[in-house]
Amino acid sequence: MTAEMNTPERHVLVDTDTGVDDALAILTALNAPDTSVIGIGTVFGNCTEHQAAQNVLTVLAAVNRTDIPVCVGSPRPGPAPTTPSPHGSDGLGGRGLQPPPSVRLSDETAVDQILRTGRERPGQVDLLCLAPLTNIAAAITRDPTILRQFRSVTIMGGMGTVDRREIVAAAQPKFLAKGDTNTNHDPAAAATVAATPGPVTWVGMDVTGRLRLRWADLQTLTSTSNIARFIQTITEDYHVYCTNTYGAEQPIYTSHDSVATSVMLDPTVILSSVSATAQVHSADGRSALWGHYPDDRSAVHQMATDLDYAAIRNRVDRTLAGSGEH
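Quick summary incoming for the structure in this document. Bear in mind that the values here come from a model prediction, so they are computed numbers and not experimental data.

**So, the overall build of the protein chain**
(1) Moving on: Of regular secondary structure, the protein chain possesses 15 helices and eleven strands.
(2) Moving on: Oriented by its inertia axes, the alpha-carbon framework of the protein chain measures out at about 55 × 50 × 40 Å.
(3) Moving on: Within the protein chain, buried positions represent 52% of all 326 residues.
(4) Moving on: Summarising the internal contacts of the protein chain: among those between residues at least 6 apart in sequence, 81% fall at separations of at least 24.

Here is the structure:
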């Protein structure tokens, strides 16, 4: 086999707040064929930006991939939430998991990593955003063209288009009020990204929340897969939260970030999408991003409205089983 044939077709830079579903999303990207995760940056969200970086190292160590550079990014711009995170005290289920002491973080900041990657490899790297958009907005502030330097920008955020609000409410009762977590953490950053031109696809919680993963299926896989055992450990409490939040009859867990990751890895799983301008709306103390159809088309992004959930579930199942698609 030639060196050229061994070259990955896709290079991915990840921005994450490393909660339970971020962990599965990172593993999903690592498990994909012809894909190289070239760097990971962290931001606050499910935990602090520093804890998120330690969590990334823990996830990478679980699959012997500590060669990937991990950079710490932006802190929370305001006070920390008063309610506990469903991802646990440390973002990984509060299980006390730690990376090996020999593993070190990069000296580069996550924002610098974004800027350098875009400038050094224009049009060659896919940017995967799984967290509050604080790092991305900071990079845009320093270089307003940065999003256009990436081959694609996939964002786990938003709630879809505003004209589908009632559809979302009917399909997912009680979910609309919970809404758009990543946007709510930093609405100003989301607004900055929304106003910036680039090859952006929003994969909102209106579509990511429709993938429900059976807890029993994960438990079955733990008998043969180290990855499944790792995910079960960190998801032990989170799956109870998910089951209650969605009113599921059987125990489930969700992985919003794995859905967005699957879209980035294989855009053909998007069954339908719309071109829209994203806008942040705030009400009742929470913020969410919705798509509109204005005449001004200076920063039009794509918003997924329906996905091939069978294909996404298959990808996640392969990841959990520890079997690559190579």
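**So, the sheet that holds strand β5 (residues 152-156)**
(1) Moving on: Within the open sheet, the nine strands sit side by side as β3-β2-β1-β4-β5-β6-β11-β9-β10. Their pairing is mixed. Looking along the sheet, the strands with just one partner apiece sit at the ends: β3 (70-72) and β10 (286-292). Here the strands of the sheet are splayed against their neighbours by 30 degrees on average, with no regard to which way each runs.

**Some details on the packing of aromatic side chains**
(1) Moving on: The final tally for this structure, using the stated rule, is two aromatic pairs.
(2) Moving on: For the ring pair Trp215 and Tyr253, a centre distance of 6.1 Å and an interplane angle of 85 degrees mean the geometry is edge-to-face. Of this pair, Trp215 sits in helix α11 (residues 215-221) while Tyr253 is found in strand β8 (residues 252-253), placing the two residues 38 residues apart along the sequence. In this pair, the class of Trp215 matches that of Tyr253, namely buried.

**Some remarks on the packing of helix α2 (residues 20-31) against helix α3 (residues 49-62)**
Between two packed helices, the angle of one axis relative to the other and the distance separating the axes together describe the packing.
(1) Moving on: Running from N to C, α2 and α3 point in directions that differ by 45 degrees, and their axes come no closer than 10 Å. With respect to their mutual orientation, α2 and α3 come out oblique. Every pair of crossing elements has a handedness; the one defined by α2 and α3 is right-handed. Residues Ala23, Ile26, Leu27 and Leu30 of α2 form the contact with α3, whose participating residues are Val56, Val59 and Leu60.

**As for the pairing of strand β2 (residues 35-42)**
(1) Moving on: In terms of burial, β2 is a largely internal element, six of the eight residues being buried.
(2) Moving on: Taken together, the seven bridges between strand β1 (residues 10-16) and β2 define a ladder with parallel strand orientation. Of the residues in β2, the one forming a bridge with Asp15 is Gly41.
(3) Moving on: Handedness of the β-α-β unit built from β1, α2 and β2 comes out right-handed.
(4) Moving on: Taken together, the three bridges between β2 and β3 define a ladder with parallel strand orientation. Across the sheet, Ile40 pairs through a bridge with Val70, a residue of β3.
(5) Moving on: Handedness of the β2-α3-β3 crossover: right-handed.

**So, the state of the cysteines**
(1) Moving on: This model, assessed by the stated rule, comprises zero disulfides.
(2) Moving on: No disulfide involves Cys129; its sulfur sits 15 Å from that of Cys71, the nearest cysteine.

**Some words on the nonpolar core**
Nonpolar side chains tend toward joint burial in soluble globular proteins.
(1) Moving on: In terms of nonpolar packing, the biggest core is built from 59 residues, with Ile40, Leu60, Ile231 and Leu307 touching the most fellow members.
(2) Moving on: Among the elements that take part in this core, α2 stands out by supplying eight residues, more than any other.
(3) Moving on: Those residues in contact with Ile231, other than ones at most four positions away along the chain, are Leu24, Leu27, Leu218 and Leu320.
(4) Moving on: Of all hydrophobic cores here, the second largest spans 27 residues; its members include Leu115, Ala139, Ala278 and Met303.

**Focus on the pairing of β5**
(1) Moving on: Burial within β5 is extensive, with five of its five residues counted as buried.
(2) Moving on: The two faces of β5 match: Ser152, Thr154 and Met156 on one face and Val153 and Ile155 on the other face are all buried.
(3) Moving on: As defined by bridge partners, strand β4 (residues 125-129) adjoins β5 across four bridges and the pair is classed as parallel. Its bridge partner being in β5, Asp126 is matched across the sheet by Ser152.
(4) Moving on: For the crossover from β4 across helix α5 (residues 134-142) to β5, the handedness is right-handed.
(5) Moving on: Sheet topology places β5 next to strand β6 (residues 200-203); four bridges connect them, and they run parallel. The residue of β6 that forms the bridge with Val153 is Val200.

**Looking at unusual backbone geometry**
(1) Moving on: The backbone of Thr18 shows a phi angle near 40 degrees, a positive value even though the residue is not glycine.
(2) Moving on: Within the secondary structure, Thr18 sits in the loop between β1 and α2.
(3) Moving on: Using a relative accessible area of 0% as the deciding quantity, one classes Thr18 as buried.
(4) Moving on: The backbone of Asp34 shows a phi angle near 55 degrees, a positive value even though the residue is not glycine.
(5) Moving on: Structurally, Asp34 can be placed in the loop between α2 and β2.
(6) Moving on: Assessed through its relative accessible area of 39%, Asp34 is described here as partly exposed.

What counts and how
- Residues numbered from 1 in each chain as written.
- Predicted model: local features only at pLDDT ≥ 70, side-chain atom pairs only at ≥ 80, totals over all residues.
- Heavy atoms only, no water.
- Helix = DSSP H or I, 4+ residues; strand = E, 2+ residues; numbered from the N terminus.
- Buried < 20%, exposed > 50% of the residue type's maximum accessible area, 1.4 Å probe, protein only.
- Contact = heavy atoms within 4.5 Å.
- Pairing = 2+ DSSP bridges.
- Axes fitted to C-alpha atoms, helices over the stretch in contact; angles between N-to-C directions.
- Phe/Tyr/Trp six-rings, centres within 6.5 Å; stacked < 30°, edge-to-face > 60°.
- Parallel < 35°, antiparallel > 145°, perpendicular 65-115°, else oblique.
- Left-handed = near helix turned anticlockwise from the far one by under 90°.
- Right-handed = clockwise from strand over helix to strand, strands pointing away.
- Disulfide = S-S within 2.5 Å.
- Core = buried A, V, L, I, M, F, W, Y, C linked by side-chain atoms within 4.5 Å.

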